Structures are given as C-alpha cells and as structure tokens.
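Report on the structure
Residues per chain, in single letters:
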Amino acid sequence: MKKKNNNKNIGKNTSDKQKKNEEMIDFEEITLDDEEIVPVEVLDEESEKGIDIVNTHNEKLMEDRQERLYENSSERLEEKNDVRYKIKPTLIGSIIVIIILVVYCLFEYGPIFGINLNRNSNLSEDSKIDIITTESDIYDMYNQELLVYSNNVVYTYNNYCQNTWKYELADNFTPNIYINDRYMVIANNSNGTIYMFDSKKEIFNKKIDGTIQDIYIDDYGNIAVEYSTTGYKKIIGVYDRNGKSKFDAYLSSSTIIDVKIIDNCRKLLVVQANTNSFKVGVTLNMIDATKEEDNITELCKFDNNLLYDIDVQGQNAIILLDNRIAKIDLNNGNVSDIKKIDDNQPLFISIYDNYYTYLIKELSDERDGYTITTCQYDGTMISELAISNSPKVLYSSGLLNYFLYQDSLQVINKWGIEVKNIPLEYIPKNIIIFNNEKSVGLIYTNKIYIVNI
C-alpha cells in the first residue's frame, strides 16, 4: 500500500514539473522581483547591434590606420624617389665616364698590347702623301705628328694623312731642326738665328753671336746652345723656354757628344770625347752654374769607349757604351754596371726609362737565328723572342719594335707579342714613328705612306 502511494506522488510531482516547465516556456509576461526579464531574442538583437557597432568602429579604425599607413608610405616613397632622382644622374654620369675611359684606353693603348683595331695592313692611296722631295728634306716626329721639311716649308701631318700645320721660313736657308716632344727649335746655324716653338706656336726668336754647332732641349723647353766665336771654340749658352739667358759655360775644345740640362737649368751634364788615349774615350763633366769658381767637375771617364746614348733619371745617368750599360751617380760619380755586353755582339741595343732592348745573333749549336730580349735594369727579363731572319733595320720607340725586312715591316711590342705585319713592295728610305708609337710614316721618294697599327 505504501508503495502505491509513493508511486502516485512521483507521478504527481512529474506532472507538476512538466506543467511548470510549460509555463516557463510561455514567457511573454513573466516578471521576477518586479524586474523585467529581457527575452533571448531581444538579447540577440541587441548583441548583433553591439557587434555591428564594434565592427563598424573597428572598420573605421582600420580605415584610419590604412590612411595613415598610405600617407606614411607615400611620404617614404616620395623621399625614396627624391633620393633616387638625386642619385640617378650621378650614377648615369659615372657609367658614362667609365665607358668613355674604357673606349679611350682601348683605342689609345690597345694596339700596343696587341689588340689590333685596324686590321688593314696594306698600303693604299688613302694613306699616301704626295711630296716633292729634295736632298735637304728633313723627316721627324713633332708633337706626336709627322714632321716634314721640304723646300723652305715645315709641314706636320696627323695619322690620317691630313696636313695640320704649315710654317714657311722667312729666309731661304737649310735649317737644322731640334725637337723634344712639343718643343722645337728651327735654327740657321750659319748666322746664329733660332726660332723656338711650343705646340706649333712660335714663342720667341733670337740671334746668337756666333756659329751654332748643336742645340739640346729638355722636357720643359729649356735649351742649351753649343756655339763658337772667334775668341772661344766651345761655349754653351743656356736659355729658358722664354729665351731668357740663364748662364754661359766655357769648355775645352774637345768634341761635345751630348748635353743634358738638369736641376732646373742650374746644372749641365756634358759628355765630351776624350782623345788622350789611342782609342777615343768619353768624359762626363758636371757644370754647376751656382758656383762662380771651380764650377766644372769631372764625374767619370771611360777610355777606349764610345757613348751611344745617355738618359738622365733623377740623380742617376744611364749610359750605353761599346761594352756595357752603366749607371752613374751624378752626386759622386760612382759607376755600377747594369749589363756587360761581352757574350754575343749585339746587332742592336737601346735604353729606355727603366729597361733596355737588344738583338743578338745566336752563335751556339743549340740555337740558330736571332733573339730580341727586353730586360729591366735590375735584370728581370720582360720578354725574349726568337726570330729566324735578321732585319735590315730595327727601329725601337720604347714599347714597340719595328723590324724592317726586304718585303715586310713587322711590329712587336716589348712583351714579345706581334702587333702588326705590314707587307711592302719596296724598302722605304726612312721610317718615322709617331702618334704615341701607334703610327709609322714610310718615307719613299716623292711620297709617304702612313700606316696605323
């Protein structure tokens, strides 16, 4: 009985709960403690509105942030553009300068290193200069152009056969012409008149009271004029490039072989022939114009020798003798050998700023033919090249050697590389190298051919 009652109560409680739940589901007018309960649907709407407001606010913030970022990026871009536009012309200018330098070096020095830009080696009418020659004509290099004196007129030609300068002598005389790069003296040795030129412009003319034997020009346009008068046989007058007299030196009657102006016209290095021995030797004297007495000092003497060339480098003189190349200290006269010429007799030898070149005939059984060698003064070999035939003449301009054969002119640089081989029908009577060693004038009777390497 008790069990039935309990079951009835449970059922009643269950019914009450279901009824109560049903009443809670209908929540239109339900209140709790006099406060209104917000429906879930209203809450959802309010939440969506709040979310929309938040999203709208965030979007606004994002737009503002994007605008600020855009403005900042635009400012930075403008700054970058300003910098770029400032750098760009400089960069372009540097590139243009580099390209110009490369092209210039290619044309200026390429041929010397064997980069042959002009492959045409044949003589043609386009490379010919027609002239009327006489026995007194003079050919030389002046201001890196070909100089021709003929019939009382001095001409210069560039490497394209174009006449670039013409100078007619005022008096009808056969001149002596002395040149050092851009400086030139045209002298009437018989009456002592000299005309001085700098880069084809006459800068002074003057008359020496005596008969001129020779004129020597240094790299700065100073000149030393060797002349004689009735009272003195050997006088050297020194003048600056404006013709102003610096000093006169009076020497013995021994033949003067060469004169070098040194120490800004204050000193002279004079090489004279020494005839006291059975075979002619040479004596090197230093003349110091700053001293009033005992101003001539004998530096050194070489008996039984001939001097072929001398080059002054600072306080040293490099000399080429019969049997050696030697260096002389101009302060004390000490002599040291650079190379002794006692193995094979050189057919040709020449000295330059810091190296020398010589051609010998091989006399050994192992080697036949000829060898041209270029060495530095300290003995370091620069190049050695064997050739089968001996050239008739070898012209050397320093960096390039021109070998003249019966039917060709071969050009070899100091590193032993063949730069050019020019076929010839006839052997020219003279060869003039000009245009910084890159052009050669082949002198024939009544015509000149110019070949560019």
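This is a predicted model, so every value here is computed, not measured.

Going through the model one piece at a time under the given rule, you end up with 10 aromatic pairs. Measuring from centroid to centroid gives 5.9 Å for tryptophan 165 and tyrosine 167, while their planes differ by 25°, and the two rings are stacked. Look at tryptophan 165 and you get buried, because its relative accessible area is 14%. Summarising the aromatic geometry, the rings of tyrosine 444 and tyrosine 449 are spaced 5.9 Å apart at their centres and angled 85° between planes, so their arrangement reads as edge-to-face.

Attention now moves to the sheet that holds strand E34 (residues 447–452). Pairing in this open sheet of four strands is antiparallel, and the strands run E3-E34-E33-E32 from one edge to the other. The strands lining the two open edges of the sheet, one partner per strand, are strand E3 (128–130) and strand E32 (430–434). For this sheet, the mean angle separating the axes of adjacent strands, direction not counted, is 20°. Here five bridges tie E32 to strand E33 (residues 439–444), and the two strands are oriented antiparallel to one another. The partner of phenylalanine 434 across the bridge, within E33, is serine 439.

A word on the environment of threonine 156. Residue placement: threonine 156 occurs in strand E6 (residues 153–157). In the structure, threonine 156 is positioned 11 residues away from tyrosine 167 in sequence and 9.1 Å away in space, judged by C-alpha atoms. Once you skip the residues sitting within four places of it in the chain, threonine 156 turns out to touch Tyr142, Glu145, Leu146, Leu147, Gln162, Asn163, Thr164, Trp165 and Lys200.

It is possible for side chains bearing opposite charge to pair when their charged atoms get close. One pass over the structure, following the stated rule, counts eight salt bridges. A salt bridge links aspartate 130 to lysine 128; its shortest N-O distance comes to 3.5 Å. Residue lysine 200 pairs with glutamate 145 through a salt bridge whose shortest N-O separation is 2.5 Å. One end of the pair, lysine 200, is in the loop between strand E10 (193–198) and strand E11 (201–207); the other, glutamate 145, is in strand E5 (residues 145–150), and 55 residues separate them in sequence. The two residues lysine 200 and glutamate 145 agree in class, both being buried.

Let us now look at the pairing of strand E27 (residues 381–387). As judged from the six bridges shared by strand E26 (residues 370–376) and E27, these two strands associate in the antiparallel manner. Within E27, the position partnered with threonine 373 by the bridge is glutamate 384. From the end of E26 to the start of E27, which pair antiparallel, there are four residues, and glycine 379 there has a positive phi angle of about 100°.

Time to look at the nonpolar core. Residues Leu400, Tyr402, Leu409, Leu424, Ile431, Val440 and Leu442 are the most contacted members of the largest nonpolar core, which totals 18 residues. Where this core is concerned, the elements lending two or more residues are strand E29 (400–404), strand E30 (408–413), strand E31 (418–423), E32, E33 and E34. Those residues in contact with valine 440 that lie beyond four places of it in its chain are Tyr402, Leu409, Ile431, Ile432, Ile433, Phe434, Tyr449, Ile450 and Val451. Counting 17 residues, the second-largest nonpolar core is a separate cluster that includes Ile262, Cys300, Phe302 and Ile310.

Attention now moves to the environment of asparagine 159. Along the polypeptide, asparagine 159 turns up in the loop between E6 and strand E7 (163–168). C-alpha of asparagine 159 to C-alpha of asparagine 435: the two residues are 276 residues apart in sequence and 6.9 Å apart in space. Those residues in contact with asparagine 159, other than ones at most four positions away along the chain, are Phe434, Asn435, Ser439, Ile450 and Asn452.

The volume enclosed by the largest pocket comes to roughly 1700 Å³. Around the largest pocket sit 45 residues that line it, and Asn180, Asp219, Lys260, Asp311 and Asp353 are the ones nearest its centre. Listed by contribution, the elements that provide at least two residues to the lining of the largest pocket are strand E4 (138–142), strand E8 (176–180), strand E12 (211–217), strand E16 (256–262), strand E20 (307–313), strand E24 (346–351), strand E28 (393–396) and E32. For the lining of the largest pocket, a count of residues per class yields 23 nonpolar, 11 polar and 11 charged.

This part takes up the pairing of E16. Across the seven residues that make up E16, a large majority, five, are buried. Bridge count for E16 against strand E17 (residues 267–274) is six bridges, and the pairing is antiparallel. Bridge pairing links isoleucine 261 to leucine 268 in E17. Hairpin connection from E16 to E17: four residues lie between these consecutive antiparallel strands, with aspartate 263 at a positive phi of about 55°.

Conventions adopted
- Residues numbered from 1 in each chain as written.
- Predicted model: local features only at pLDDT ≥ 70, side-chain atom pairs only at ≥ 80, totals over all residues.
- Heavy atoms only, no water.
- Phe/Tyr/Trp six-rings, centres within 6.5 Å; stacked < 30°, edge-to-face > 60°.
- Buried < 20%, exposed > 50% of the residue type's maximum accessible area, 1.4 Å probe, protein only.
- Pairing = 2+ DSSP bridges.
- Helix = DSSP H or I, 4+ residues; strand = E, 2+ residues; numbered from the N terminus.
- Axes fitted to C-alpha atoms, helices over the stretch in contact; angles between N-to-C directions.
- Contact = heavy atoms within 4.5 Å.
- Salt bridge = Lys/Arg side-chain N within 4 Å of Asp/Glu carboxyl O.
- Core = buried A, V, L, I, M, F, W, Y, C linked by side-chain atoms within 4.5 Å.
- 1 Å grid on protein atoms, 1.4 Å probe; cavity = no way out; pocket = protein on both sides within 12 Å on 5 of 7 lines; lining within 4 Å.
- Points joined across faces, edges and corners; volume = space filled by probe spheres on them.
- Nonpolar A, V, L, I, M, F, W, Y, C, P; charged D, E, K, R; others polar.

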